[in-house]
Amino acid sequence: MAAVEVCIFSVSVPKDRTSLPHISFKFQVSSGFSRLFSFRRSYNRLRTPSSLCANAVFTEGTSVSTGRRKLPQSKEKIDSDSDPIAALNERIRREHGKREALWPTMDPEEAEKYIQMVRGQQQRGLQKLKGDRAAKDGVFSYKVDPYSLGSGDYVVHKKVGIGRFVGIKYDVPKNSSEPVEYVFIEYADAMAKLTVKQAARMLYRYNLPNESKKPRALSKLNDTSAWERRRIKGKIAVQKMVVDLMEVYLHRLKQRRPPYPKTPAMDEFAAQFPYEPTADQRQAFIDVEKDLTERETPMDRLICGDVGFGKTEVALRAIFSVVSAGKQAMVLAPTIVLAKQHFDVISERFSPYPDMRVGLLSRFQTKAEKESYLSMIKDGHLDIIVGTHALLGNRVVYNNLGLLVVDEEQRFGVKQKEKIASFKTSVDVLTLSATPIPRTLYLALTGFRDASLISTPPPERVPIRTHLSPYSEEKIISAIKFELDREGQVFYVLPRIKGLEEVLEFLEQSFPEVPIAIAHGKQYSKQLEDTMEKFAQGDIKILISTNIVESGLDIQNANTIIIQDVHQFGLAQLYQLRGRVGRADKEAHAYLFYPDKALLSEQALERLAALEECRDLGQGFQLAERDMGIRGFGNIFGEQQTGDVGNVGIDLFFEMLFESLSKVEEHRVVPVRYKSVQLDININPHLSSEYINYLDNPIKIISEAEKAAEIDIWSLMQFTENLRRQYGKEPRSMEVLLKKLYVRRMAADLGISKIYASGKMVGMKTNMTKKVFKLMSDSMASDIHRNSLVFGDKEIKAELLLELPKEQLLNWIFQCLSELYSSLPALVKY
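How each quantity is defined
Residues numbered from 1 in each chain as written. Predicted model: local features only at pLDDT ≥ 70, side-chain atom pairs only at ≥ 80, totals over all residues. Heavy atoms only, no water. Helix = DSSP H or I, 4+ residues; strand = E, 2+ residues; numbered from the N terminus. Buried < 20%, exposed > 50% of the residue type's maximum accessible area, 1.4 Å probe, protein only. Contact = heavy atoms within 4.5 Å. Areas by Shrake-Rupley, 256 points an atom, 1.4 Å probe, with all protein chains shown as cover. Pairing = 2+ DSSP bridges. 1 Å grid on protein atoms, 1.4 Å probe; cavity = no way out; pocket = protein on both sides within 12 Å on 5 of 7 lines; lining within 4 Å. Points joined across faces, edges and corners; volume = space filled by probe spheres on them. Nonpolar A, V, L, I, M, F, W, Y, C, P; charged D, E, K, R; others polar. Axes fitted to C-alpha atoms, helices over the stretch in contact; angles between N-to-C directions. Parallel < 35°, antiparallel > 145°, perpendicular 65-115°, else oblique. Left-handed = near helix turned anticlockwise from the far one by under 90°. Arc of directions from axis to C-beta. Core = buried A, V, L, I, M, F, W, Y, C linked by side-chain atoms within 4.5 Å.

1. Here's the deal with the overall build of the protein chain
Move 1: Assigned secondary structure in the protein chain consists of 26 helices and 31 strands.
Move 2: Of all 830 residues assigned to the protein chain, the portion counted as buried reaches 51%.
Move 3: Considering only residue pairs separated by 6 or more positions, the protein chain has 74% of its internal contacts joining residues 24 or more positions apart.
Move 4: When the accessible surface of the protein chain is summed, it comes to about 39,900 Å², and 51% of that surface belongs to carbon and sulfur atoms.

2. Examining the pairing of strand E15 (residues 384–387)
Move 1: By the alternation rule, side chains of E15 split into Ile384 and Val386 and Ile385 and Gly387, which are all buried.
Move 2: Both strand E13 (residues 328–332) and E15 contribute to a ladder of four bridges, which runs parallel. Within the sheet, the bridge partner assigned to methionine 330 lies in E15 and is isoleucine 385.
Move 3: Where strand E14 (residues 358–361) meets E15, four bridges bridge the pair, whose relative direction is parallel. Residue pairing for E15: leucine 360 is matched across the bridge by valine 386.

3. Describing empty space enclosed by the protein
Move 1: Per the counting criterion, the structure on display carries three cavities of 30 Å³ or more.
Move 2: When its volume is computed, the second largest cavity comes out at roughly 50 Å³.
Move 3: Contributing elements (two or more residues each) for the lining of the second largest cavity: helix H7 (311–323) and helix H8 (336–349).
Move 4: A total of four residues in the lining of the second largest cavity trace back to one element, the largest contributor, which is H7.
Move 5: Residue classes in the lining of the second largest cavity are distributed as eight nonpolar, two polar and no charged.

4. Examining the packing of H7 against H8
Move 1: Between H7 and H8, the least distance of the axes is 11 Å, while the angle of their chain directions is 55°. Judged on the interaxial angle alone, H8 and H7 are oblique. Crossing handedness for the pair H7 and H8: right-handed. Listed contacts from H8 to Thr312, Glu313, Leu316 and Ile319 of H7 are His342, Val345, Ile346 and Arg349.
Move 2: Its residues assigned to classes, the contact of H7 with H8 comprises four nonpolar, two polar and two charged.

5. Description of helix H13 (residues 500–510)
Move 1: Three or more residues of H13 are buried, namely Leu500, Val503, Leu504, Phe506 and Leu507. Buried residues of H13, seen end-on, are gathered within an arc of 165° and therefore sit on one face of the element. The exposed set on the far side of H13, more than 90 degrees from its buried face, consists of Glu501, Glu502, Glu505 and Gln509.

6. What about the nonpolar core?
Move 1: Ile319, Phe350, Leu430, Phe491 and Ile563 are the most contacted members of the largest nonpolar core, which has 67 residues in total.
Move 2: Ranked by residue count, the leading element in this core is H7, at eight residues.
Move 3: Those residues in contact with leucine 430, other than ones at most four positions away along the chain, are Val288, Met299, Arg301, Ile303, Val314, Ala315, Ala318, Leu403, Leu404, Val405 and Val406.
Move 4: The next biggest cluster of nonpolar side chains, apart from the first, holds 65 residues, and it includes Leu750, Met780, Ala798 and Tyr821.

7. Considering the pairing of strand E18 (residues 450–454)
Move 1: Among the five residues of E18, four are classified as buried, and the element is accordingly described as predominantly covered.
Move 2: Here strand E12 (residues 300–305) pairs with E18 via five bridges, running parallel. Bridging from a neighbouring strand, isoleucine 303 pairs with serine 452 of E18.

8. Quick look at the packing of helix H12 (residues 473–485) against H13
A pair of packed helices is captured by two measures, namely the crossing angle of their axes and the spacing between those axes.
Move 1: Look at H12 against H13: their axes get within 12 Å of each other, and the N-to-C directions meet at 60°. What the angle tells us is that H12 and H13 run oblique. The way H12 lies across H13 gives a crossing that is right-handed. Contacts between H12 and H13 involve Glu473, Ile476, Ile477 and Ile480 from the first element and Phe506, Leu507 and Ser510 from the second.
Move 2: Considered class by class, the residues forming the contact of H12 with H13 number five nonpolar, one polar and one charged.

This is the structure:
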């Protein structure tokens, strides 16, 4: 055996001890060749010296014995840019990482049944909520009437892109003497003219879900490629959104609870309602009763109706149904004022039923009272629990919760909404709102959430007269005097606490003999409760407050509301505030004051215009829809507004959404069994003896890799990342083995049963449809891969420029499938 000289020529130990000490060795072998190897030795202070581990970086891929196990690679940070497996893993983690587990898979029969349920649900939602919108082939159109456009408005042509509307003018076409009306649209490079008929068929208004209504740039009339890319991006975003909705909806459908029994006691409880229900209200009663007594899946229904239109009675009947079956009901309100009102109404309505115990959890209670209530809730000694977001806290443990009633969901924060969403998989949820938040409205419009619309006012209600004008002390004094003269009461609302005292001083000087009080959320609980009670009893004639009174106060004698600095309120807030008055048969007045219009933003002006238009009773739903157009709709999980709307504008985005929903079965990919996938490429890597010696149990590791690939892509990703954490970046032979597993796994998920190569041609036999392939290829980032693929006769083919060596061919297939796989979240899977 040849002698070996070892000469240490450099040792570098970092002073800060945070980096690894670096020792370089020079090995001289008898053949005269020299090789340089670099070792890194790390010391873990928490372990004994015997647990020192050494990893080697081989500059020329040659192994060396150190008296320990042979080490093939270092655990360096893997660069996903140069490592396609790391890049794919990163994408998989990004798409699925937020989910605790993937949604359960379905067999084809179950999936078919589910698809039909989704379609039926969607159609019911659209018919009920959007019956006033023209429909064609079951898909609702959001196209714009050209005559409703103003000069300078931005529009979207489905095939050309975003332009600026100039006007409608008569022009005489060629080979004709009769003038024709044309719509003129300005694009970045030219002016287009369409007949009014063409424009009505192809144009959409361009709206954005933010302050700015202007697009980033106008499209080019003579080069539509950029617009086509934006449209495809929007289409894919829509598809992903639809699939997300379907998965959430499926998760809900898979939950089971026994239907609640129909009992004579329910009819007796309903008979106690002292008013004659309106037709809409009666239908809402029926809808909720069916949800509870005929379905086995938890209810998730939105009751949308103006203040005073009877939403609470719908909730009371649902509560009675659930509580009489031995379960608890939670009533969640955004403010203590509204919670207290609900508590009073429920206590009175349930007074004939002493066995059904009602409790209010609020900050008005002492610590001892709260602890007592928490104990009663946990032990099941309270049947109906009313309160604010405190009811969502971790300390509140329910004994047998069956129903959650959420009033005015838009008033809760993101964290509270997420907590509310977590209840929906296990309990029945009923949401009440006059102006639902855009996200809630969006779910209702798409049919993935049941909704009942109460738009008919009670017979005695009269519309509220709305007066919108610049701030004027004279008008304020006149409005208050008018209401006081008819022995009524007045709300005076400001956006912030700062300014309340100033208004109090002004009103006390103007009406020295009139009882006036201030109310806001930072007052002591007892003080606020006393103030509200005195106003409700009529002892206080003018209540100056923040929007704390937005929900909850039902004062029959208060029929004038003055809102100062109206531009600082949201549209839904204004609608709710206006609804505080006009609860009786007296004509009510709402005075909305703003500063100089020149100081207002475009969005604020649009909100005011929308409020002026929606003056009639029962228009809360329409107003919420306008609000969605003005400020956008949140992501369905409530985290952020979607940026994809900006690509095409809200109206075209919605039309694409409904179109995608109505054709949902056309975007279905049917996976095949992993074991049935054939990869006919003759490449069988052999792991080096060094790497085999390095692994703790190589046979077990290879077996685990195969098992992970058989389960799903997530398991394979986790296996690969764990392998790299433990042993560092794998050598090329192991990488080839992993890529073969990834290729078969991705192929199985994409419905590809066989991959083979013949000369320069690569073929993939698949069960996917041409439409599915088109969506997949459209979403591919690489032009090289996209342009090389051709679909026909249940097969995807690619003609390469030259015949590749086996390893390079595997790399090409891996990259190609990775790109196709990136579109999978946009497809319905079973």
